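# Examination of the molecular architecture
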Amino acid sequence: MTTAPARRGRRNEDFTGAVPTAAVLVDGAGIPGAEAICRHGVAWYADRLGGNLLGLLTLVRDRSLPELLATAIEQVTEAHRDSCEVADPISPSAAVAVLRVSDGFVEHLVLGDAVLVLDRMRGAPLVVADPREVVISRSYQSAIEATAEGSDERHRLLRELRANRNRPGGFWVAKDDPRAADEAITGSCPAAELTGAVLLSNGASRIVDRFRLADWPEVLAVLASAGPAEIIRRVRRAEARHSVAADDATITYCTDLGAL
């Protein structure tokens, strides 16, 4: 596992962790000014959600991944409902990716714009991603980029974009409503068919989906030979070259799944 904040001195709003049979990655999201809505902040939300989810994956093994995620969302929401405006559109939220090995099968879940890639013994890697947030965000991208960072107009556009969260026709993330977990993309396959798997925040997956520096087989090859830090190093270099604002970047690389 490797994680890096967007810049030095800024708190990392990603979370990742693992237990012997599962891995979790949480990519927190928020906008400036959200401190007035939630005194805890995005990093707290991501850390608490990820930690609760890992605990549930360890202790509760007879429930589906969406059920466990729904419980974790409910737990975190209750932890700050009395002190924060949890239902406000700009309150903290997160994308989530989960991998679990159980009874010879590898189960996966993706909610929001995190990415999970299964490295199959035969055929191309299986890329699990939720395109809904990306599609809607792109419709706002040019307008947001035309505004000054920190301006009222940019904040207005970001608030408008986030109003599409967790509603029909919009996109779904972990926030205050546990029912969003039912919208996650899920699946499973025999562990014996996989050589590995990788979970990435969107700050790391941009090596493929934004910068086009590699395809997924090439990313998996680099992970096997040099590890996650090399992927993030290449992302940071591309961000600097193209004058793109850096994002928190996190990768969790899992191997030997069939041995669990």
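In the block above lies the structure referred to throughout.
The structure displayed is predicted, hence computed values, not measured ones.

## Section: the environment of G30
Along the polypeptide, G30 turns up in the loop between β3 (22-29) and α1 (42-59). The spatial distance from the C-alpha of G30 to the C-alpha of V42 is 6.1 Å, given a sequence separation of 12 residues. Not counting chain neighbours up to four residues away, the residues in contact with G30 comprise V42 and R162.

## So, the sheet that holds strand β7 (residues 126-129)
Spatially, five strands are ordered β1-β10-β9-β6-β7 in an open sheet, and the strand pairing comes out antiparallel. Single-partner strands in this sheet number two, and they are β1 (2-4) and β7. Across the sheet, the axes of successive neighbouring strands diverge by a mean angle of 10°, strand direction being ignored. Bridge count between strand β6 (residues 115-120) and strand β9 (residues 194-200): six bridges; the pairing is antiparallel. Opposite L116, over in β9, you have L199 as the bridge partner. In the packing of helix α5 (residues 202-209) onto the sheet, the strands contacted are β6, β9 and β10 (249-255), and the crossing angle to β10 comes to about 80°.

## Some words on the sheet that holds strand β4 (residues 93-102)
Spatially, five strands are ordered β2-β3-β4-β5-β8 in an open sheet, and the strand pairing comes out antiparallel. A strand with exactly one partner marks an edge of an open sheet, and here the two such strands are β2 (14-19) and β8 (185-190). Across this sheet, the average inter-strand angle for adjacent strands is 10°, counted without regard to direction. Sheet strands touched by helix α2 (residues 65-80): β4, β5 (105-111) and β8. Its angle to β5, the strand with the most contacts, is close to 45°.

## Regarding the nonpolar core
The biggest cluster of nonpolar side chains holds 30 residues, and the ones touching the most others in it are L49 and L53. Where this core is concerned, the elements lending two or more residues are β3, α1, α2, β4 and β5. Sort the elements by how many residues they give to this core and α1 lands first, with eight residues. With near-sequence residues (within four places) excluded, L53 lies in contact with V24, L68, L69, A72, V96 and V98.

## Brief notes about the pattern of salt bridges
Considering all chains together, one arrives at 16 salt bridges under this definition. E107 serves as the salt-bridge partner of R100, at 2.9 Å between the closest nitrogen and oxygen. As a salt-bridge pair, D130 and R132 come within 2.9 Å of each other at their nearest N and O atoms. Here D130 falls in the buried class, since its relative accessible area comes to 3%. By sharing partners, the salt bridges in this structure join R10, E13 and D248 into a single network.

## A closer look at the packing of α1 against α2
Interaxial distance between α1 and α2 falls to 9 Å at its minimum, and their mutual angle equals 135°. The angle between α1 and α2 falls in the class oblique. α2 is crossed by α1, and the crossing has right-handed handedness. Between α1, through W44, Y45, R48, L49, N52, L53, L56 and L57, and α2, the contact on the second element is made entirely by L65, L68, L69, T71, A72, I73, Q75, V76, A79 and H80. In terms of residue class, the contact of α1 with α2 is built from 13 nonpolar, four polar and one charged.

Procedures and definitions
Residues numbered from 1 in each chain as written. Predicted model: local features only at pLDDT ≥ 70, side-chain atom pairs only at ≥ 80, totals over all residues. Heavy atoms only, no water. Helix = DSSP H or I, 4+ residues; strand = E, 2+ residues; numbered from the N terminus. Contact = heavy atoms within 4.5 Å. Pairing = 2+ DSSP bridges. Axes fitted to C-alpha atoms, helices over the stretch in contact; angles between N-to-C directions. Core = buried A, V, L, I, M, F, W, Y, C linked by side-chain atoms within 4.5 Å. Buried < 20%, exposed > 50% of the residue type's maximum accessible area, 1.4 Å probe, protein only. Salt bridge = Lys/Arg side-chain N within 4 Å of Asp/Glu carboxyl O. Parallel < 35°, antiparallel > 145°, perpendicular 65-115°, else oblique. Left-handed = near helix turned anticlockwise from the far one by under 90°. Nonpolar A, V, L, I, M, F, W, Y, C, P; charged D, E, K, R; others polar.

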